[in-house]
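Reading the structure
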Amino acid sequence: MRRASLVEFSVNHPKLIVSLAIILTIAFATQLPKMKTDTNPKNMLPSTSDVRVWNEDVEKTFSLYEDMIVVGIVNENGILNQETLGKIVRITDEILKINGVAARDVNSFPTITNVTAEDGVLQVGPLMAQAPQTGEEIEALRKTLFENPLFLNRIISQDGKTTAIYVPLEKGANGKEIADRMREIVNQEGGSEKYYVAGDPVARDTFGADMFKLMAVFSPISGMIMFLAIYLMFRNLSLSVSMMMVAMISTTWSMGLLVGLGFQVHIMSSMSPVFLMAIATDSIHIFNEYYFRYREKKNKKVAILKTMEAVSRPVRYTALATAAGFAVLLFMQIIPVKVFGGLVAFGTIVLRLLSFSFIPAVLTFIKAEKIEKAAAREDVGLSRSARLLKALAGFGAHKPKATVLVGLVLVIVAIIGTTKINTNNNMVELFKYDSEVRTADRVMNQALGGTSLGYMVAVAEEEDFIKTPEAMRYLEALQRHLEKLSVVGKTVSVVDIVKQVNKVLHDEDQQYDVVPNTQEEIGQYLFMFSMSAKPSDLDNLVDYPFQKANIWVQLKTWDAQAIREVIKSAAEFQQANPISMELKPAGVAYFNLVWNDEVLYDMLKGFVLALVVVFVILVFNFRSVKWAIVGAIPLLFTILLIYGGVGFIGKDFDMPMSVLSCLSLGMAVDFAIHFISRFKQRLEDSQQPANGGSATLTPNTKLITESLLWTAARPGKGIMRNAVLFAAAFSVMMFASLTPYVTVGAIILSMMMLSAILTIIYVPALITLMKGWLFKPSQLQPLSQEAKIFGHKHELSRSEVV
């Protein structure tokens, strides 16, 4: 006895299937309240990665903080006036009270260490214990600020209009919450000054909060747009609701599983609900075919079974291709990308399971009269959209050489465009240009040394080597060398402290603004300074065996390429000036560079792996390497055109875009699978004799062309509907306040529409042009009279080819 399929079981027991789906959905939904977010770039790589281990070692050695916020105060008339200086004192005092701020190491006018001398005795204390009350006191402050290299371009700009308060954060503090409190503090002051809050933790934690909001807002909006689009396509409320239920069930199961397994939501996984809603649109092929079948059979159950029989193979393999495209992300090094890949791969499998169970079950509940009414609009011969699709396919089928030639020209242009792509990750540029976060960063970078911080650690072979004049002068020369780079705004090292102490102990004589000539003198100066200064003032720059020195490198951009320039320049300097010290980069900026390179490597690895996997799936689906090549060509064509365009417009190739390069293989190939599978199915059906015998007739050029036009007009309508729904789901992301969402929305929208159109035009051209290769020569003989009669009868009976 034949076992019933999942589709047959679902059609026969629809209430049971729907009830089970609802119960499981509620179970997964119970996990959602436990959801947490994590946008710390550090957690993008495993805790055992070399860069994380090294950075943590550097932070421990030099008592450094992982996060720092920079508060900028700008007065176009100059900040060195009694009123503004008073505000700086009050703002600093309030910042010191904020929970999560490392108050002991905040650097501002009232708290930063200043070195002076009185009667030959070194004096170390705060720069400005209280706001100056007289013009003489203000002028004395001005002189101190502009004559001390430790202050200039760090806490005071060259033009005297900008100052900065450097606020280190305790481990685990929330940058956004602290930044919001800082904004409240500065807003209470008012006046002609402008205030800015910048820094990596501000961008990171603000992004996390905005990401959560966007996920909560865009997912339902995307769903509503899809719902409206489906309703306009089919004019059937029940059908529209059923497709949205499939999307919602899959999203709930996937997100519930993610949270239930203890994973946090990152930038990529926050986009997964929109991805899953869009992937759910592949079910449109079922509805598209169902109406055609119902017009023929006039029986719901029979129509459902015939529909699933016709579309089950392409639907199954498109799901497999999509899931595979996401699953390859599991082999990458970037943790959030791995989580995202597994999450959406699971959701895709759930969607296909629902396609063969939940959807057939729901279709049984739709009233026959509503189906009849909607099906009446699905006549291939009368539909304007079907005629348009047929015309597009006809262009490719009738002018294959011209179509392919134009495609080759576009491919060459696209390849040129891809050579212009620049890989880069910049946390600040995740926000739009005029956003508060990005504006603050831009203003501070223009006025001062820079908000992005990297370190260049010098490691000597022997203890106390850092205290030698040779080492000190080497570090000083390296600083001057690095400061020639346009991306470097300022450098600070232990050398600057030694030179400042030497100068003030010699009555501010500029000829003593140099490294002392003996190790003993340098050691004495460092000892005197350490006795009175804040511990961090020296700890941040040198270790106590004096075997390692830390050069702070302030960068004027968060671009990953900036620290690459610094590393290259340092290597060139070391090669030209060899010494028994090793130079090693570190810090947040260095981590971003390593992360950027990991993304690029993962993208290349993932793209090649996805390409191989998808091609293997095509071979299995079509049972032919030749047909797999035909299916892969429009896919690669689409990807080249998209990323060629990215190169020409100058858009940086960042993490979301690199991930899309892998995902695009899985998503864009869906249309080719549907088109070629249904074309071959149609061709086989057209060869069946009228008496129902075996397919003895062989395809000729005319039958191939007619089958291509039929495929474009009928399954092609489902392809275009799928593309429109997919694009509609992602279009909402183009209105996001965060640029990765805008990028993903624009690329997916373009990719889906372009892939669908290329499938309709290019696949017929390829099949027509390559028919001698795809079909055996014996298969391309003219039709017999019997075949002509049968083909004519088949055409008239179904009214399917115009």
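Scroll up to find the structure this text is about.
Residues numbered from 1 in each chain as written. Predicted model: local features only at pLDDT ≥ 70, side-chain atom pairs only at ≥ 80, totals over all residues. Heavy atoms only, no water.

What follows deals with the pairing of strand β2 (residues 113-118). Where β2 lies against strand β3 (residues 121-126), six bridges are found, and the strand directions are antiparallel. Within β3, the residue paired with Thr116 across the bridge is Gln123. Where β2 folds back on β3, the antiparallel hairpin that results is connected by two residues, among which Asp119 adopts a positive phi of roughly 55°. (Pairing = 2+ DSSP bridges. Helix = DSSP H or I, 4+ residues; strand = E, 2+ residues; numbered from the N terminus.)

Time to look at the packing of helix α10 (residues 284-297) against helix α11 (residues 300-327). In the contact formed by α10 and α11, the axes pass within 8 Å of each other and the chain directions differ by 140°. One element, α10, and the other, α11, form an angle in the oblique class. Read as a crossing pair, α10 and α11 show a hand that is right-handed. Here His285, Ile286, Glu289, Tyr290, Arg293, Tyr294 and Lys297 of α10 lie close against α11, whose contacting residues are Lys300, Val302, Ala303, Ile304, Lys306, Thr307, Met308, Ala310, Val311 and Val315. Each residue belonging to the contact of α10 with α11 can be placed in one class, and the counts come to ten nonpolar, two polar and five charged. (Axes fitted to C-alpha atoms, helices over the stretch in contact; angles between N-to-C directions. Parallel < 35°, antiparallel > 145°, perpendicular 65-115°, else oblique. Left-handed = near helix turned anticlockwise from the far one by under 90°. Contact = heavy atoms within 4.5 Å. Nonpolar A, V, L, I, M, F, W, Y, C, P; charged D, E, K, R; others polar.)

Another aspect to go through is empty space enclosed by the protein. This structure, assessed with the given rule, holds ten cavities of 30 Å³ or more. One number sums up the size of the largest cavity: a volume of about 670 Å³. Looking at the largest cavity, it is lined by 42 residues, and the ones nearest its centre are Met68, Asn107, Arg154, Asn540 and Trp552. Broken down by element, the residue count for the lining of the largest cavity peaks at three residues, all from β2. Tallied by class, residues from the lining of the largest cavity come to 20 nonpolar, 14 polar and eight charged. (1 Å grid on protein atoms, 1.4 Å probe; cavity = no way out; pocket = protein on both sides within 12 Å on 5 of 7 lines; lining within 4 Å. Points joined across faces, edges and corners; volume = space filled by probe spheres on them.)

It is possible for side chains bearing opposite charge to pair when their charged atoms get close. For the coordinates displayed, the defined rule picks out 26 salt bridges. Between Arg142 and Glu139 there is a salt bridge, and its shortest N-O distance comes to 3.4 Å. Of this pair, Arg142 and Glu139 are both found in helix α5 (residues 135-147), three residues apart, which corresponds to roughly one turn of the helix. (Salt bridge = Lys/Arg side-chain N within 4 Å of Asp/Glu carboxyl O.)

All right, on to the sheet that holds strand β8 (residues 548-555) then. With antiparallel pairing, four strands are arranged side by side in an open sheet as β7-β8-β6-β9. Only two strands of the sheet have a single partner each, and these edge strands are β7 (488-492) and β9 (581-586). For this sheet the average axis-to-axis angle between neighbouring strands, irrespective of direction, equals 25°. Note: β7 against β8, four bridges, orientation antiparallel. What sits directly across from Lys490, in β8, is Gln554. Strand contacts of helix α23 (residues 588-622): β6 (452-460), β8 and β9, with the helix running at about 95° to β6, the strand carrying the most contacts.

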